[in-house]
Amino acid sequence: MAFEMEQQQQQQQQQRPLLNNQGSPTVHSKAYNPKSSRTKFDKTWDERYQQLQEFHRLHGHSDVPYNYPDKTLTRWVTNQRQNRKLQRSSMTRERIAKLDDIGFTWETRSTWEHRFQQLKDYYHQHGHCNVPNREEYQDVRKFIFGQRHQYKLRQLDGTGSMTDERLEALESIHFDFTPHREHVYQREWDKYYKELETFYEQHNHSIVPKKNRLLWRWTEVQREEYEKWLEGKDTFITQDKIKHLNSLKFFWNSHDAQWMNYFIELEEWHSQHGGNVEVDSIDNLELKSWLQEQLDSHALGQLRKNRYNILVSLGVNFSTKNSSSNASLSWDVQFEQLKEFKLKYGHCCVPQHYKDNPSLGLFVKNQRRQRKLLDLGEKSSMTNERKNKLESIGFAWSAAEDELLPALRGQQILKELSIQNLIKKTQERRRTAVKSQRVVEEDIKALMERYKRKSLWGM
């Protein structure tokens, strides 16, 4: 046993390299090989470093993005930063010097700088910043949307995180701060604004009549967007657009614009009928109803003074016979007509162009309009008494709700008819079943009789 242990010690001594006086292996040692002193980890490091050198040559920096196709290089770069931060022995002075030579960033950049660098790389590779909607670009696309939003805030009121430095950096790669959808909107806006400008030059006002359907609708959209702008909501309208529209004496209040629209129609009627403002044509029932509404409002002391003055200047007669008592009488008469409509059809949804009584549809529309004015605290011909009368017959203040009532009534009728049909079919089936049962009983009875006769014959 002792002999075996001594033999093993001799073998180990033979495998150890011979040391000189300085304590280092001698050149005559068989176990020492200078080339074998480099480990496979050293070789891997050199290979990755060469890849990073190539990346630096192509992109001009050494900040490998996290979504770079070669994930091994991405992880290796992260590890180098971590090794130096933790002062690991693998991060030698030689390696630090090599990485510094190619501008290696030891501290990770901020999120904004990182995303911008990714976008910049994409720009240099493709020549534009229109990043496609693909999975590998989702973070960059979010960054793009965020920059456009921050730019919009900067344009609106100077808020947001879009600094001069960031703006300059994005402009250096020809970043498009306005997406395609907004480009289309801007072109449309410019087109209709020019039309409105031409209209203003011809008529000296910007109240577009409804017959010019497209331009009229565009002006309504501007008022809707303006309301959003006042409330601080996201909108396409800007201070610059508001300034341009103000130069055309644009009415931002939809109620004022609607009132002026009717007044312009009345002016046209006045010029076409030799200075007469008594609207009596069946084709202008809506204008006639509006004029009567002005008379009613004056009788109740609710017509604005400036509106009263321009109507008087056009020749409108605000005498008692045209308003006051006759207005109330007219309302009561039309209310009775509405009650008759309700009795006949089961609802108050009078079509606007109701053939049997065209003015009744306009009456219903006007009541809703007056109720809205009342709720807004503005002058209105809607009194509590009228409101209670209308609600007593199930009047719907919302046009959408009113349109739904006939449909619901129709569903109820269909439901009742379905139930009646079901009952009828059930009764028919029962009668058929009773008849069938009688037939079966008769057949059984006949068979029994036949059996009895056979039995007697056999006896």
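Everything that follows concerns the structure shown earlier in this document.
Below is a short write-up of the structure. Residue indices follow the written sequence of each chain, beginning from 1 at its first position. With the structure being a predicted model, the display of local features is reserved for residues of pLDDT at least 70 and the display and counting of side-chain atom pairs for 80 or more, all residues being used for whole-chain, interface and lining totals. Hydrogens are left out, water is left out, and the side-chain values use all remaining heavy atoms of the structure.

### Things to note about the environment of Leu 373
Line of reasoning, step 1. With respect to the element layout, Leu 373 can be found in helix 15 (residues 358-375).
Line of reasoning, step 2. Judged by relative accessible area, Leu 373 falls into the buried class, the value being 10%.
Line of reasoning, step 3. Sequence separation of Leu 373 and His 255 is 118 residues, and the distance between their C-alpha atoms is 9.1 Å.
Line of reasoning, step 4. The contact partners of Leu 373, leaving out residues within four places of it in the chain, are His 255, Glu 378, Lys 379 and Ser 380. Counting from the N terminus, the helices are the DSSP runs of H or I reaching at least four residues and the strands are the DSSP runs of E reaching at least two. The buried label goes to any residue with under 20% of its type's maximum accessible area, the exposed label to any with over 50%, and the partly exposed label to all in between, with areas taken from a 1.4 Å probe on protein chains only. Only heavy atoms enter the contact rule, under which two residues are in contact if any of them lie within 4.5 Å.

### Overview of empty space enclosed by the protein
Unoccupied space between atoms shows up once a probe the size of one water molecule is rolled over them.
Line of reasoning, step 1. Grid points spaced at 1 Å and placed over the protein atoms alone form the basis of the search, with a cavity being a set where a 1.4 Å probe fits but cannot get out and a pocket an open set showing protein on both sides within 12 Å along at least five of seven lines. Lining residues have an atom within 4 Å of a point. Grid points are joined across faces, edges and corners, and a volume is the space filled by probe spheres set on the points. According to the stated counting rule, one finds one cavity of 30 Å³ or more in the structure shown.
Line of reasoning, step 2. Roughly 50 Å³ of internal volume is contained in the largest cavity.
Line of reasoning, step 3. Lining the largest cavity, in full, are Tyr 262, Glu 286, Ser 289, Trp 290, Glu 293, Leu 362, Lys 365, Asn 366 and Arg 369.
Line of reasoning, step 4. Of all the secondary-structure elements, those providing two or more residues to the lining of the largest cavity are helix 12 (285-299) and helix 15.
Line of reasoning, step 5. In the lining of the largest cavity, the residues fall into three nonpolar, two polar and four charged. All residues other than Ala, Val, Leu, Ile, Met, Phe, Trp, Tyr, Cys, Pro, Asp, Glu, Lys and Arg, Gly among them, are scored as polar; the first ten of these are nonpolar and the last four charged.

### A word on the pattern of salt bridges
Line of reasoning, step 1. Salt bridge, as used here, is a side-chain nitrogen of Lys or Arg placed within 4 Å of a carboxyl oxygen of Asp or Glu. Within the structure shown, the criterion is met by 14 salt bridges.
Line of reasoning, step 2. One salt bridge connects Lys 228 with Glu 225, and the closest N-O pair in it is separated by 3.3 Å. Here Lys 228 pairs with Glu 225, and both are found in helix 9 (residues 213-230), just three residues apart, close to one helical turn.
Line of reasoning, step 3. One network of salt bridges, in which partners are shared, links Asp 256, Arg 304 and Arg 307.

### Quick look at the packing of aromatic side chains
Line of reasoning, step 1. In summary, the pairing rule links any two rings of Phe, Tyr or Trp, Trp by its six-membered ring, whose centres are within 6.5 Å, and it sorts them by plane angle into stacked for under 30 degrees, edge-to-face for over 60 and tilted for everything else. In this structure the tally under the stated criterion is 16 aromatic pairs.
Line of reasoning, step 2. On the numbers, 6.1 Å between centres and 25° between planes, the contact of Tyr 192 with Trp 218 is stacked. Note that Tyr 192 is positioned in helix 8 (residues 180-203) and Trp 218 in helix 9, a separation of 26 residues in sequence. One exposure class covers both Tyr 192 and Trp 218, and it is buried.

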